[in-house]
Amino acid sequence: QSNLADPEVCHYLNDVLGWAQEARCKESYFLEDPILCVLNTEVNSGNFIVNREANTLHLVDWEKPLYGDPSQDLSHFCAPTTTLWKTDYRMPDDDRKRFLETYRHAVADPHLRDTIIERVRLRDPFNCLRGVSWSAMAWVEYQTGAHTLCNADTFQKIKSYLEIPFLRS
């Protein structure tokens, strides 16, 4: 709604929001078949500590945990707005499939094992919209001086997330 925003981007995002408003009520897994666990909600690459000597992996930064479907964190981890955040890495489809299949095979619950790939697929557009929405808010704050911490690299990344080719991807 910012008068600073590109009208083409606003129009596109309004269309996406309209789609999301309709689609969110049709997600049968999340409404009729919930599977709940503790979520980190910020599974960015910088929030993992790898201990190679002990062969362990630790997820840190638990300031915003939620209780919800495991597809939330899995989808967020794979989303371009996450993988590209402080890197130039966009997870290729083959890597994403291999990652999700590896996770699926490690799941103990047979029902979750059978449905996790579909749950992630359904969650993906909402996680991408979450990342883009945050970026739009931050872009406005950078433009108006409301963002107290300013970083040129971060601002460039935020701008790239709001370009039509990225949004359509």
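For the structure, check the block above.
Predicted model only: the values in this text are computed from it and were never measured.

A. Main features of the packing of helix 3 (residues 71-78) against helix 6 (residues 110-144). At their nearest, the axes of helix 3 and helix 6 sit 8 Å apart, and the two run at 60 degrees to each other. As the angle between them shows, helix 3 and helix 6 are arranged oblique. The handedness of the crossing between helix 3 and helix 6 comes out as right-handed. Two secondary-structure elements touch here, helix 3 through S71, Q72, L74, S75 and H76 and helix 6 through I116, R119, V120, R123, D124, N127 and R130.

B. Spatial organisation of the packing of aromatic side chains. Going through the model one piece at a time under the given rule, you end up with seven aromatic pairs. Ring centres of F48 and F77 lie 5.7 Å apart, and the angle between their planes is 75 degrees; this geometry places the pair in the edge-to-face category. On the criterion of sequence distance, the pair formed by F48 in strand 2 (residues 48-51) and F77 in helix 3 is long-range, its members being 29 residues apart. A connected cluster of aromatic rings, assembled from ring pairs, spans W85, W134, Y161 and F166. Above the ring of F30, the side-chain terminus of R123 is found at 4.1 Å from the ring centroid.

C. Structural context of the side chain of T154. Tracing the chain through its elements places T154 in helix 7 (residues 152-161). Its relative accessible area of 11% is what places T154 among the buried residues. For T154, the side chain forms a polar contact with the side chain of K86, separated by 3.0 Å. If sequence neighbours within four positions are ignored, T154 has contacts with W85, K86 and Y142.

D. Representation of unusual backbone geometry. Of note, T41 is a non-glycine position whose phi angle comes to about 75 degrees, a positive value. Mapping T41 onto the fold places it in the loop between strand 1 (37-39) and strand 2. A relative accessible area of 4% means that T41 is categorised as buried. Even without a glycine there, the phi angle at D61 is positive, about 70 degrees. Structurally, D61 can be placed in the loop between strand 3 (56-59) and strand 4 (66-68).

Reading guide: rules and limits
Residues numbered from 1 in each chain as written. Predicted model: local features only at pLDDT ≥ 70, side-chain atom pairs only at ≥ 80, totals over all residues. Heavy atoms only, no water. Axes fitted to C-alpha atoms, helices over the stretch in contact; angles between N-to-C directions. Helix = DSSP H or I, 4+ residues; strand = E, 2+ residues; numbered from the N terminus. Parallel < 35°, antiparallel > 145°, perpendicular 65-115°, else oblique. Left-handed = near helix turned anticlockwise from the far one by under 90°. Contact = heavy atoms within 4.5 Å. Phe/Tyr/Trp six-rings, centres within 6.5 Å; stacked < 30°, edge-to-face > 60°. Lys NZ or Arg CZ within 6 Å of the ring centre and 35° of its normal. Buried < 20%, exposed > 50% of the residue type's maximum accessible area, 1.4 Å probe, protein only. Polar contact = N/O pair within 3.5 Å; in protein donor to acceptor, adjacent residues only side chain to side chain.

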